[in-house]
Amino acid sequence: VKSTTLYSIDSSGTATSKGSILGSGRVSWAFNEDYAVFVNSDGEGFYYDGSSVTQISDSDYTSLGASTVTFVDGYFVFSSLDGTKFFLSGLNDPSSFDALDRSTAEERPDAIVAVYVYNNLLHVAGTETTEKYNNVGGVSFPFVRINQASNSVGCFSKFTPIEVENSYAFIGGG
């Protein structure tokens, strides 16, 4: 994404416009085999399906807005714009949301800054702690917090979580 345009770049370096991502500032994005999902700084979501960019209009998404997005086990997972929740798309479907598919930080609740995946576990990074969740395939909500796997290090900036040499890092503290 450059400015408000999504581009693809082929092997010769030629850029081709694929559509518009409204808003300004940096975007958070995640992808699977079929979709790329983008969240702008205003909390609006968009997805690219290989042919066009579509804004997410499901009211269960727009009522929260998102700050960051990641992908794990068939779900696009978002942190809410206000930092109170994380929530899921439908299974392999970034256009579908259910108001029941959301949760909060549980062990030591703090404002959620970012969601990211490491070692196929969902990490929910707050301002003071990071909690880890595993997909257990639950009927009501597929992710369950892993007891005693949280740590007392919070994330200061939503764009900093990164995988580095079989570990992960972000700008944070505790």
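For the structure given in this document, a descriptive report is provided here. Bear in mind that the values here come from a model prediction, so they are computed numbers and not experimental data.

## With respect to empty space enclosed by the protein
Summed over all chains, the structure comprises one cavity of 30 Å³ or more. Here the largest cavity defines a volume of roughly 40 Å³. Considering the residues around the largest cavity, the lining is formed by Val1, Ser3, Ile21, Leu22, Gly23, Ser24, Gly25, Val27 and Asn40. For the lining of the largest cavity, the class distribution of residues is four nonpolar, five polar and no charged.

## Considerations on the sheet that holds strand β14 (residues 143-145)
Taken together, four strands build an open sheet; the order of strands is β11-β12-β13-β14 and the sheet is antiparallel. Of all strands in the sheet, those bounded by a partner on one side alone are β11 (112-118) and β14. Pairs of neighbouring strands in the sheet enclose a mean axial angle of 30°, with direction left out of account.

## A short note on the environment of Gly50
Examined against the element boundaries, Gly50 turns out to sit in the loop between β5 (45-48) and β6 (53-55). Here the alpha-carbon distance between Gly50 and Asp34, two residues 16 residues apart in the chain, equals 7.2 Å.

## Considering unusual backbone geometry
Although it is not a glycine, Asp73 adopts a positive phi angle of roughly 50°. Take Asp73: it is sitting in the loop between β7 (66-72) and β8 (75-80). Positive phi values are uncommon outside glycine, yet Asn92 reaches one of about 50°. Looking at the secondary structure, you find Asn92 in the loop between β9 (86-90) and β10 (93-103). Overall, the relative accessible area of 40% leaves Asn92 in the partly exposed class.

## Focus on the nonpolar core
Ranked by internal contacts, the top residues of the largest apolar core, which has 13 residues, are Tyr61, Val69, Phe78 and Phe87. Those residues in contact with Val69 that lie beyond four places of it in its chain are Ser28, Trp29, Ala30, Val37, Val39, Phe76, Val77, Phe78 and Val115.

Criteria and cut-off values
Residues numbered from 1 in each chain as written. Predicted model: local features only at pLDDT ≥ 70, side-chain atom pairs only at ≥ 80, totals over all residues. Heavy atoms only, no water. 1 Å grid on protein atoms, 1.4 Å probe; cavity = no way out; pocket = protein on both sides within 12 Å on 5 of 7 lines; lining within 4 Å. Points joined across faces, edges and corners; volume = space filled by probe spheres on them. Nonpolar A, V, L, I, M, F, W, Y, C, P; charged D, E, K, R; others polar. Pairing = 2+ DSSP bridges. Helix = DSSP H or I, 4+ residues; strand = E, 2+ residues; numbered from the N terminus. Axes fitted to C-alpha atoms, helices over the stretch in contact; angles between N-to-C directions. Buried < 20%, exposed > 50% of the residue type's maximum accessible area, 1.4 Å probe, protein only. Core = buried A, V, L, I, M, F, W, Y, C linked by side-chain atoms within 4.5 Å. Contact = heavy atoms within 4.5 Å.

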